[in-house]
Amino acid sequence: MHPPVTTPPRALLFFSLTVVLLTLSGACLFVQEAWNSTHEAARREAHNIAREQALLLGDQFANAEAVLAQLETQLGVQRTLHQRTHDAQDLLRTYRQILPNSSELLLLDHDGVIIASANTLSTELALTAYCPPLAEWRPFIGRTTAFAYASPTPNAQCPASRALVYSRPLRSGEATFWLLLDPDIFTRLLGSNLAALGAQAHLHVEDDLGMVLSLQREAHEAPRTRTESIVEWLAHTSEDSQDSASATVTGTGLRIVLHYSSAEVLSQRWWPEAQLSLLIAGGLLLAWLPFSLMVIRMAQRFQRSLADSEQHYRTLANSGAALIWTSNTEKQCNYFNEPWLRFTGRSLVEELGSGWLSGVHAEDRERCLATYSDCFDRQQPFAMEYRLRHADGSYRWIRDDGNPRYDAAGRFIGYIGYCYDITPLKEAEAERDRYRRDLESLVRQRTEELAERNSEMQAIFNNAPIGIVVSRDRVILRCNRRFEELVGYTSQELFGRTTRLFYPSDEEYARANRELYPNVSFDRAACIEVRLIRRNGTFFWARLSGQLLDAAHQGGTLLAIVEDVTREHEEAEHLTLQKDRAEA
């Protein structure tokens, strides 16, 4: 009925391991969450930097577009382009002041000849003579575009060894402006934002032709630390693997690309948090040791108490006369106590599950199972009686009281039942039923005899030659035919009326009551003579002989016999009159 008692070492070891695993799992979850948040923050920062640099470069090209539009407006005079060279030279130098200091502004014709320059440069100089590496992009003359330029070999004539070039033709198509921007401007503007992504973070510019131009002259190489090696191992990455973020410069084919090492970022930001969480987890585990010892002692005492309680319960269950069983939530019996097994003569294995039903009498089995299943589904107590096969082969009556069981949390866990042998009670009930049937037969026979005698008595009552009347508290209940003849009333007319009806006056009625009722009882009769009045108003003398039919009270049910003695009174009066005359 209770779960088997677990040995304390195994249970406590499982409990301690559970606590350790939960602590380590919590630390690992915190470390994993810190890893993900750090990685996501670095990715957002990289995208923001790339987008900012793309916007910065777009702003520079937009400024150049405004400058070039103004230059084109001021150069729009009547002379030819080559006749306006001197004016263009002055205008370029003037507008050069609002562009970045490291920039160069050229005005080229269709053949790639430099017409004007913002810096000191002789005009009418071919682009191939001015900067041979730059001449490779001569096909871009006459097109609005941007591209990255880098000289593989240093050249003193070139304005820079690397530059971002923005090309814009005049609306007339006579010439093309080229704006050359030194990429160092981006490095100076980045500041600490780029350093936050580690020493290996660097920017590239890529154009439509696949040309890649670094916006930093050289990347800062820092020696790899042990922390970075650990992070690379955890992330399953190599030393050369890098993450990147990119953004497109609006209106051009240029794309800003930021490369950075996620392992370096994680080692700088995540590793300190991971170390802290691991230290906290270790501290918690160390703090758990004394508490776990206390829990172990408490668990040992609890296990001993549970074992004692289990033994005490089994002793109570097996030493009583009750047959006890329990079932699980699947309606299957999982326990029978020793008295049940001794009663049925079967083993516990044979009774478990639904095996106990084989011992129920065939006539009771379906009803028993229906009652059990119906109450089980509704989780309600039940009481039923059925015949169960005894170990000697006979069937004995059993009363089974079942009640639902719940655990400490209030969850339904099955049923428990207590059974008692009520065969002696059933036999006593059968004997009582036999006695009741015999008694009913005797009563019925006696009733028939009384009914027969009552018929005889009723015939005698109705045909008696003297009047008979029955009253209670002086109220008439019944009378015979002779009494009806004496008073001139029918029994229906007299029923419920008082005997005052028959007396000529109240004085005579009161005198008769005083003389009769005090002298009658259940075992004694009294007799008086009174004058009564008939329905037709005539008087007659009557002799009343009365006796109580019950001893409850003095004025109870009275049986009175009434005789007409008028003739006797007349004869007595006549004799008295004759005697008086003779004496006179």
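Before reading on, note that the structure itself is shown above.
Keep in mind that this is a model prediction, so the values were computed, not measured.

Chemist: How should the environment of Glu529 be read in this particular structure?
Modeler: Relative to the helices and strands, Glu529 is located in strand β18 (residues 526-533). Side-chain polar atoms of Glu529 contact the side chain of His569, separated by 2.8 Å.

Chemist: It is not clear to me how the nonpolar core should be interpreted in this structure. Could you clarify?
Modeler: The nonpolar side chains of a soluble globular protein tend to be buried, and buried together. In this structure, Phe483, Leu494 and Phe502 are the most contacted members of the largest nonpolar core, which totals 26 residues. Of all the secondary-structure elements, those providing two or more residues to this core are β17 (475-479), α13 (481-487), α15 (506-516), β18, β19 (539-548) and β20 (557-564).

Chemist: Could you clarify how one ought to interpret the sheet that holds strand β6 (residues 175-181) in this entry?
Modeler: What holds strands together in a sheet is hydrogen bonding between their backbones, with the strands either parallel or antiparallel. Pairing within the open sheet is antiparallel, and its 6 strands lie in the order β3-β2-β1-β6-β5-β4. Both outer strands of the open sheet, β3 (125-126) and β4 (145-150), are each paired with one neighbouring strand and no more. With 3 bridges joining them, strand β1 (residues 104-109) and strand β2 (residues 113-117) adopt antiparallel strand pairing. Pairing of Leu106 across the sheet is with Ser117, part of β2.

Chemist: Teacher, can you tell me more about empty space enclosed by the protein here?
Modeler: Empty pockets left among the atoms are what a rolling probe the size of a water molecule brings to light. This structure, assessed with the given rule, holds 2 cavities of 30 Å³ or more. Its boundaries defined by the atoms lining it, the largest cavity holds a volume of some 210 Å³. Surrounding the largest cavity, 16 residues form its lining, Val469, Thr499, Tyr503, Leu544 and Ala560 being those nearest its centre. Within the residue set of the lining of the largest cavity, elements represented by two or more residues are β16 (467-472), α15 and β20. Of the residues belonging to the lining of the largest cavity, the class tally is 13 nonpolar, 3 polar and no charged. Secondary-structure elements contributing two or more residues to the lining of the second largest cavity are β12 (333-336) and β13 (382-389).

Chemist: Mind showing me how you'd approach the layout of surface pockets here?
Modeler: The computed volume of the largest pocket comes to approximately 170 Å³. Of the residues that constitute the lining of the largest pocket, the class distribution is 5 nonpolar, 2 polar and 1 charged.

Chemist: I keep staring at the sheet that holds strand β11 (residues 323-327) and nothing clicks. Help me out?
Modeler: Taken together, the 5 strands give an open sheet; going across it, the order is β12-β11-β15-β14-β13, and neighbouring strands pair in antiparallel fashion. Either end of the sheet is taken by a strand with one partner, and the two such strands are β12 and β13. If you compare each strand with its neighbour and ignore which way they point, the axes differ by 25 degrees on average. Inspection of the sheet shows β11 paired to β12 by 3 bridges, in the antiparallel sense. From the neighbouring strand, Ser327 faces β12, where its bridge partner is Cys333. Against the sheet, helix α11 (residues 362-378) contacts β11, β13, β14 (395-406) and β15 (412-421), and its axis sits at roughly 150 degrees relative to β13. Helix-sheet contacts for helix α12 (residues 423-463) involve β13, β14 and β15, and the interaxial angle to β14 is about 125 degrees.

Chemist: Any chance you could explain the pairing of β17 here in plain terms?
Modeler: If a strand is regular, its side chains alternate between the two faces of the sheet. Relative to β17, β16 runs antiparallel, the two being bridged by 4 bridges. Bridge assignment links Arg472 to a residue of β17, and that residue is Val475. If you look at the hairpin formed by β16 and β17, you'll find 2 residues sitting between the two strands, and Asp473 has a positive phi there, around 55 degrees.

Conventions used here
Residues numbered from 1 in each chain as written. Predicted model: local features only at pLDDT ≥ 70, side-chain atom pairs only at ≥ 80, totals over all residues. Heavy atoms only, no water. Helix = DSSP H or I, 4+ residues; strand = E, 2+ residues; numbered from the N terminus. Polar contact = N/O pair within 3.5 Å; in protein donor to acceptor, adjacent residues only side chain to side chain. Core = buried A, V, L, I, M, F, W, Y, C linked by side-chain atoms within 4.5 Å. Buried < 20%, exposed > 50% of the residue type's maximum accessible area, 1.4 Å probe, protein only. Pairing = 2+ DSSP bridges. 1 Å grid on protein atoms, 1.4 Å probe; cavity = no way out; pocket = protein on both sides within 12 Å on 5 of 7 lines; lining within 4 Å. Points joined across faces, edges and corners; volume = space filled by probe spheres on them. Nonpolar A, V, L, I, M, F, W, Y, C, P; charged D, E, K, R; others polar. Axes fitted to C-alpha atoms, helices over the stretch in contact; angles between N-to-C directions. Contact = heavy atoms within 4.5 Å.

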